[in-house]
Amino acid sequence: MKPWRLIGWCLPVAVAAGLLVWLCRPQPSTPPPAEDTPLGPPWFADVTDAWGLSFVHDAGPVGHYFMPQALGSGAALFDFDGDGLLDIYLVQNGGPKGAKNRLFRQERSSGNIRFVDVSAGSGLDLAGYGMGVAIGDVNNDGRPDVLVTEYGAIHLFLNQGQGKFVEVTKEAGLDNPAWGTSAAFFDYDKDGWLDLVVVNYVDYDPTWPCTPGGKPEYCAPKTFPGRVSRLFRNLGAREGVRFKDVTLEGGLGKLAGPGLGVLCADFNGDGWPDILIANDGQPNRLWINQKGKAFKDEAILRGIAYNRLGQAEAGMGVALADVDGDGRFDPFVTHLTEETHTLWLQESLGAFTDRTAAVGLKGPHWRGTGFGTVLEDFDHDGWPDIAVVNGRIARASAMMNADLGPHWGLYAERNQLFANDPGPRRGTRASGATRSRGYPGFRDVSRDNRDFCGVPNVARGLCCGDLDGDGGLDLLVTTAGGRARLYRNVVPQRGHWLIVRAIDPGLNRDAYGAQVSVRVGDKTYRRLINPASSYLCSNDARAHFGLGSADHVDEIEVLWPDGKREPFPRGRRADQAIVLRRGEGKR
Amino acid sequence: MNVERRTSNVERPTSEPTPSLGVRHSTFNVRRSLLVVLVLAGLGLATAAGWYVWRRLTAPEPPEVPVASDDPVLAEAVEAARGRVRQEPYSAASWGQLGKLLRGSGYKEQAEVCFAQAERLDPNEVRWPYLRGESRLPGDPDAALPHLRRAADLAGRSAADSVAPWLRLAEVLLEKRENEEAEKNFRRARDVDASDPSVYLGLGLLAEERGQLKESRRHLERARHSPLTQQRACARLAVVCGRLGDKEAAAQFSERAAALPPDSRWIDPYLAECLQLAVDKSNVFLRVEQLEAQGRAQDAALLLEQMVASTRSRGCPADARAYVGLGRNLIQRGDAQGAERALLSALRLAPDNVRAHYQLARLLYERAAQRRRQGGDPAELRQQFRAAADHARRAIAGKPDLAEAHLILGQALQEDGQTDEARRHLEQAVRLSKPGDTRAQEALSKLK
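Residues numbered from 1 in each chain as written. Chains lettered and ligands numbered in written order. Predicted model: local features only at pLDDT ≥ 70, side-chain atom pairs only at ≥ 80, totals over all residues. Heavy atoms only, no water.

Caption draft 1: Local environment of the overall build of chain A. Of the regular secondary structure elements, chain A holds four helices and 40 strands. Against the globule reference of 25 Å for 587 residues, chain A gives a C-alpha radius of gyration of 26 Å, in line with a compact fold. For chain A, the spread of C-alpha atoms along the principal axes amounts to about 120 × 60 × 55 Å. Here chain A holds 587 residues, and the buried ones make up 61% of them. Contacts in chain A between residues at least 24 apart in sequence constitute 59% of all its contacts with a sequence separation of at least 6. Carbon and sulfur atoms form 53% of the exposed surface of chain A, whose accessible area is close to 21,400 Å². For chain A, the separation between the mean place of its 64 positive charges and that of its 71 negative charges on side chains is 4 Å. (Helix = DSSP H or I, 4+ residues; strand = E, 2+ residues; numbered from the N terminus. Rg over C-alpha atoms; globule rule 2.2 N^0.38 Å. Buried < 20%, exposed > 50% of the residue type's maximum accessible area, 1.4 Å probe, protein only. Contact = heavy atoms within 4.5 Å. Areas by Shrake-Rupley, 256 points an atom, 1.4 Å probe, with all protein chains shown as cover. Lys, Arg positive; Asp, Glu negative; His and termini not counted. Charge placed at Lys NZ, Arg CZ, Asp CG, Glu CD.)

Caption draft 2: Quick peek at helix α8 (residues 164–175) of chain B. Residue and element names in this part refer to chain B. Compared with the 16 Å implied by 1.5 Å per residue over twelve residues, the 16 Å span of α8 between its first and last C-alpha is a close match. Of all twelve residues making up α8, eleven are buried, and the element is well covered by its neighbours. Every buried residue of α8 is listed here: Ala164, Pro165, Trp166, Leu167, Arg168, Leu169, Ala170, Val172, Leu173, Leu174 and Glu175. Here the buried face of α8 lies against α6 (127–134), α7 (141–157), α9 (179–192), α10 (197–209) and α14 (269–277). Downstream of α8 by one or two residues, Arg177 has phi in the positive range, about 65 degrees. (Expected span 1.5 Å × (residues − 1).)

Caption draft 3: Quick peek at the confidence of the model for chain A. Residues and elements named next belong to chain A. Confidence in the prediction of chain A, expressed as mean pLDDT, is 91, and 91% of residues score 70 or more. In this model residues 23–33 is a low-confidence stretch, pLDDT under 50, and it forms zero contacts with partners more than four residues away in sequence or in other chains. This stretch, residues 430–436, has a pLDDT under 50; its non-local contacts, to residues over four places away or in other chains, come to twelve contacts. (pLDDT = per-residue confidence, 0-100.)

Caption draft 4: Geometry of the pairing of strand β29 (residues 496–504) of chain A. All names here are of chain A. Counting buried positions over the nine residues of β29 gives seven, a clear majority of the element. Note that β29 and strand β35 (residues 543–548) share five bridges and pair antiparallel. Within β35, the position partnered with Trp497 by the bridge is Gly546. By the bridge criterion, six bridges tie β29 to strand β40 (residues 576–581) in an arrangement that is parallel. When the sheet's bridge partners are listed, Leu498 is paired in β40 with Gln576. Inspection of the sheet shows β29 paired to strand β30 (residues 509–510) by two bridges, in the antiparallel sense. Residue pairing across strands places Asp504 opposite Arg509, the latter belonging to β30. In this structure, the hairpin formed by β29 and β30 is closed by a connection of four residues, where Asn508 is found at a positive phi of approximately 65 degrees. (Pairing = 2+ DSSP bridges.)

Caption draft 5: Looking closely at the packing of helix α22 (residues 419–432) of chain B against helix α23 (residues 439–447) of chain B. All names here are of chain B. With their axes 8 Å apart at the nearest point, α22 and α23 run at an angle of 155 degrees to one another. Judged on the interaxial angle alone, α23 and α22 are roughly antiparallel. Two packed elements cross with a definite hand, and for α22 against α23 that hand is left-handed. Residues Thr419, Ala422, Arg423, Leu426, Glu427, Ala429 and Val430 of α22 form the contact with α23, whose participating residues are Ala440, Gln441, Ala443, Leu444 and Leu447. Broken down by class, the residue content of the contact of α22 with α23 amounts to eight nonpolar, two polar and two charged. (Axes fitted to C-alpha atoms, helices over the stretch in contact; angles between N-to-C directions. Parallel < 35°, antiparallel > 145°, perpendicular 65-115°, else oblique. Left-handed = near helix turned anticlockwise from the far one by under 90°. Nonpolar A, V, L, I, M, F, W, Y, C, P; charged D, E, K, R; others polar.)

Caption draft 6: Local environment of the interface of chain A and chain B. With 47 residues of chain A in contact, the opposing surface of chain B contributes 48 residues. Between chain A and chain B, a total of about 4,000 Å² is buried, with carbon and sulfur atoms accounting for 54% of that surface. When the buried surface of chain A facing chain B is broken down by residue, A:Trp208, A:Ile300 and A:Arg308 rank first, second and third, together holding 16% of it. On the surface where chain A and chain B come into contact, there are five salt bridges. Taken together, the connections running from chain A to chain B amount to twelve residue pairs in polar contact (both at pLDDT 80 or more). Listed by contribution, the elements that provide at least two residues to the side of chain A that touches chain B are α1 (3–23) and β21 (351–354) of chain A. (Buried area = accessible area lost by both parts, 1.4 Å probe. Salt bridge = Lys/Arg side-chain N within 4 Å of Asp/Glu carboxyl O. Polar contact = N/O pair within 3.5 Å; in protein donor to acceptor, adjacent residues only side chain to side chain.)

Caption draft 7: The arrangement of a nonpolar patch on the surface in detail. All names here are of chain B. Together, Trp51, Tyr52, Val53 and Trp54 give the surface a local cluster of nonpolar side chains, amounting to about 490 Å² of exposed area. Secondary-structure assignment places Tyr52 in helix α2 (residues 19–57). On the accessibility criterion, Tyr52 (48% relative accessible area) is partly exposed. (Patch = residues over 30% accessible without salt bridge, like charges linked within 9 Å, V, L, I, M, F, W, Y side chains within 5 Å.)

Caption draft 8: The sheet that holds strand β12 (residues 230–234) of chain A, seen in detail. All names here are of chain A. Spatially, four strands are ordered β10-β11-β12-β13 in an open sheet, and the strand pairing comes out antiparallel. Strands at the two margins of the open sheet, each flanked by one partner only, are β10 (180–186) and β13 (243–245). When the angles between neighbouring strand axes are averaged without regard to direction, this sheet yields 20 degrees. Where β12 lies against β13, three bridges are found, and the strand directions are antiparallel. Across the sheet, residue Asn234 finds its bridge partner in β13, namely Phe243.

Caption draft 9: Main features of the nonpolar core. A:Phe267, A:Leu286, B:Leu102 and B:Tyr130 are the most contacted members of the largest nonpolar core, which totals 84 residues. Element by element, the count of residues in this core is highest for α8(B), at eight residues. (Core = buried A, V, L, I, M, F, W, Y, C linked by side-chain atoms within 4.5 Å.)

Caption draft 10: Region of interest: the pattern of salt bridges. All names here are of chain B. All chains considered together, the criterion is met by 75 salt bridges over all chains. Of the charged contacts, one joins Arg168 and Asp268 as a salt bridge, the two residues approaching to 2.7 Å between their closest N and O atoms. Remark: Asp268 occurs in the loop between α13 (247–259) and α14 and Arg168 occurs in helix α8; sequence separation between them is 100 residues. In terms of burial, Arg168 and Asp268 fall into one category: buried. Where Arg439 meets Glu404, a salt bridge forms, and the shortest distance between an N and an O atom there is 3.8 Å. Within this pair, whereas Arg439 is found in helix α23, its partner Glu404 is found in helix α21 (residues 403–415), the two being separated by 35 residues in sequence. Note on Arg439: relative accessible area 41%, which makes it partly exposed.

Caption draft 11: Layout of the packing of aromatic side chains. In total, this model carries 28 aromatic pairs over all chains according to the counting rule given. Seen from their ring centres, A:Phe452 and A:Tyr487 are 5.2 Å apart, and the 85 degrees between their planes marks the pair as edge-to-face. Placement of A:Phe452 in helix α4 (residues 450–454) and of A:Tyr487 in strand β28 (residues 485–489) is noted, with a sequence separation of 35 residues between them. Each member of the pair, A:Phe452 together with A:Tyr487, is buried. The structure contains a cluster of three or more aromatic residues connected by ring pairs, namely A:Phe66, A:Tyr129, A:Tyr151, A:Trp179, A:Tyr201, A:Tyr204 and A:Phe224. Directly above the aromatic system of A:Trp366 lies the positively charged group of A:Arg414, at a separation of 3.8 Å from the ring centroid. Just above the ring of A:Trp208 sits the side chain of B:Arg355; from NZ or CZ to the centre is 3.8 Å. (Phe/Tyr/Trp six-rings, centres within 6.5 Å; stacked < 30°, edge-to-face > 60°. Lys NZ or Arg CZ within 6 Å of the ring centre and 35° of its normal.)

Caption draft 12: The arrangement of the state of the cysteines in detail. Tallying each qualifying case throughout the model produces one disulfide over all chains. The partner cysteine of A:Cys210 in its disulfide is A:Cys219, sulfur to sulfur 2.0 Å. Between A:Cys210 and A:Cys219, the S-S torsion sits near 100 degrees, and that sign places the bridge as right-handed. Using a relative accessible area of 12% as the deciding quantity, one classes A:Cys210 as buried. Classification of A:Cys219 by relative accessible area gives buried; the value is 9%. The thiol of A:Cys453 is unpaired, and the distance to the nearest cysteine sulfur, on A:Cys464, comes to 14 Å. You can see B:Cys114 has no disulfide; the closest cysteine sulfur is in B:Cys274, sitting 11 Å from it. Residue B:Cys114 is classed as buried on the basis of its relative accessible area, which comes to 0%. (Disulfide = S-S within 2.5 Å.)

Caption draft 13: Main features of α13(B). Residue and element names in this part refer to chain B. The end-to-end C-alpha distance of α13 is 18 Å, a good match for the 18 Å that 13 residues give at a rise of 1.5 Å each. Along α13, the residues that are buried comprise Ala249, Ala250, Phe253, Ser254 and Ala257. Projection of α13 onto a plane perpendicular to its axis shows the buried side chains occupying an angular sector of 135 degrees, all on one side. Exposed side chains of α13 directed beyond 90 degrees from the buried face belong to Glu248, Glu255, Ala258 and Ala259. Packing partners of the buried residues in α13 comprise α11 (213–223) and α12 (230–244). (Arc of directions from axis to C-beta.)

Put into structure tokens, the structure is as follows:
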């Protein structure tokens, strides 16, 4: 056989085979649409440098996987010097020999904002394994006092004025030799003095190694038993501030749990403030106030202990707002990356239903382990939106943000923002047959917000307040081992707004626990005066209202903590911050 | 022959080829055919060899698994399973076995790669798509769904006797609020096993979601007695009964749910296959915990002893946690000497371990207290109380808020006659004790 004939036979076979291979070649995949392509205008701009906030969180030396360093620390927005401007207090976690907590005073000149470090000599510049902050005027002297929780201690500082604070923890009878996390001041017995609840996490043993997958890692909460949260009754400050530990007789001592978040509000409409505690991996507790005498956990009965599938989730931060405009407050709790942040709607008074999926929060653009959270109306359309800051508690398999270093970069995640759309409600409510409207609808606007959501961080605390006085709510984010960042609200064409400070002159302080209702036409907005929410944080204590297109409000009513209602019938123009003093309305 | 050949040659038509030519032609044809056959055979062989070599060269490699150096048992098991995959790279069973080992040991990402390969090789097997989907849970239900749907489809075709494919799919769909499809799959699971409590829990949740409260209650009632579902069923029943206006039942279910331990996971035969293979330390500790919770202290001790022995035989560093667990376990079983040996071994490995120091302090204190009651030698007793106090101090050094260690230290110091220091530690124990725990208060009262 001539070679050319052999070639003549083989060639077509080879060509056919080649053709087949060519046809079956892997197709170059169409590039996916850019995940982070913004679709709308950003809501927040990073102004950390512009406003001069220079703070790096000291989490102590890494490598030992000391658990408290992964979970701190918080911050507070409050006007410590009474100049009408919100100041900032930031907590450190580097231990007694580490960096000290820092106090920043807001200064304005020619419209420019600067945060000036006034820590030295303030009395608040302590070092420790700091976790959370609570702000409240415990001696009714008109000046906000500061409580700091730590791993192993709590500290109460009385505000002396002139930027000076003095520690009175021991004299006040306060002691919490446990791992304190979030804390809140509230007047549970309605005696006019602010009481204190301190949430405790787990009975941590620093010498116990945790090595999931064979590598050292921060321990999971289930490694250690949970602790009981502590309740301290304020005995009055006529002869110095005195608290009494009433944890056991108050009922909170009956159930331990790994608590992280706390929010005090009247959850069942009986006029007495209750306590919601978010537990990490165990059922939440809703301690219902037994008329100032004690508390009883009714979380299961009221549907808020578990998610809608009956599962306990890893609760971290807590926020509360009336998200569907029915006049009842709806709680929101942040959870792990593998879970979802959960929104319960209060569909009838004191009964909560997990409606996370129904309101559109089940399928976000990305997931994260949520800590701090805020439920506020950022765009002033009248509907509270959601901000969540995220950061892992166990290493990711790949570096998420190399700028944070080889340790913290593996724990970084992106934050999230959800807009509560005022458009048509979603679906039909299965329960609450009297309602014709469906559920509120949240839209994930994280991609539009590169500054706030675009850069992975190990975020923990999230505080909210109108720092620059333009009516829009700004945000402060704290991170583990990284910089604290300020985000200015830059929502274009925001609606009208109103900020209300409610003061009880008889108590000489902000009326923590008061509910402020603002009526515009046939619509009523309701907010709570309560700075303690989110995670380890204290927010601006004033009530903030987005009013949409309404340039005035028709009526304001305050439900004071003692149950008395006081209308302030005079209409007021929008776009201002006002102060309502008890007794100045219509009795 | 020549004549005949010649004659026959004459008789042949001239047009026919000459015989010599014919022979040559025939020979040529044979040769040509032979050559073609040889060439084709050669080509075939070459193709086969090429294909074989190509298959070997392009055979998928088992994934790299970052097993920690201090877990030699797992490392060996993983290497053996990877070796089997290298030997039989086109065997679904080998890939599946490696995947199951990895899934059971918590390496979900690498396990998913193995299950995907197993499914490519054996597309009709239910467990591969099922385990692919399962390993994406709970973090990524969207990614899990296509695999679970495929598994449910295959299970339907092969008349599987396990409810797992439908149940898992239904649960994910319920979570994603795709209620119609969830219900369909819950019902398919019920057709296979009408007694499965997880099915009724799911149907109850679904009905509650739709506002069909009476139906929900009916389903949940069927799930409230099983240890797999009782806690969740009672918690949901509390809410459903409350909405139905039955406040008394609501309160009862709420109390019951609060008193119950968390539900066990439902029995997933495919996942169980994975967990049975798990030999990593975390899983051993988990099994020890489970056994102890079931009151099977002896079985738990056996597991811990095996772990200690296996690391020792491989010349690897032992894990102090195993010795601490063993010590605690032996204390429970009344073997004080064995416990002491185990705890001292733990301290040789981790000299600051709080749990080991605390357990030793407790053990030594109780032993000394017992001997004192029996009238032991005072000097010897003092030494023993001092030894207990030393370990309690070391425990407090690592964990200053350990109330129990302060209590033991206070009591040991009291026995040693150091009343002032004893008082300080007992006061500290009172301060640190959980609300309601009066042991330290009582000890302090006795001292006073």
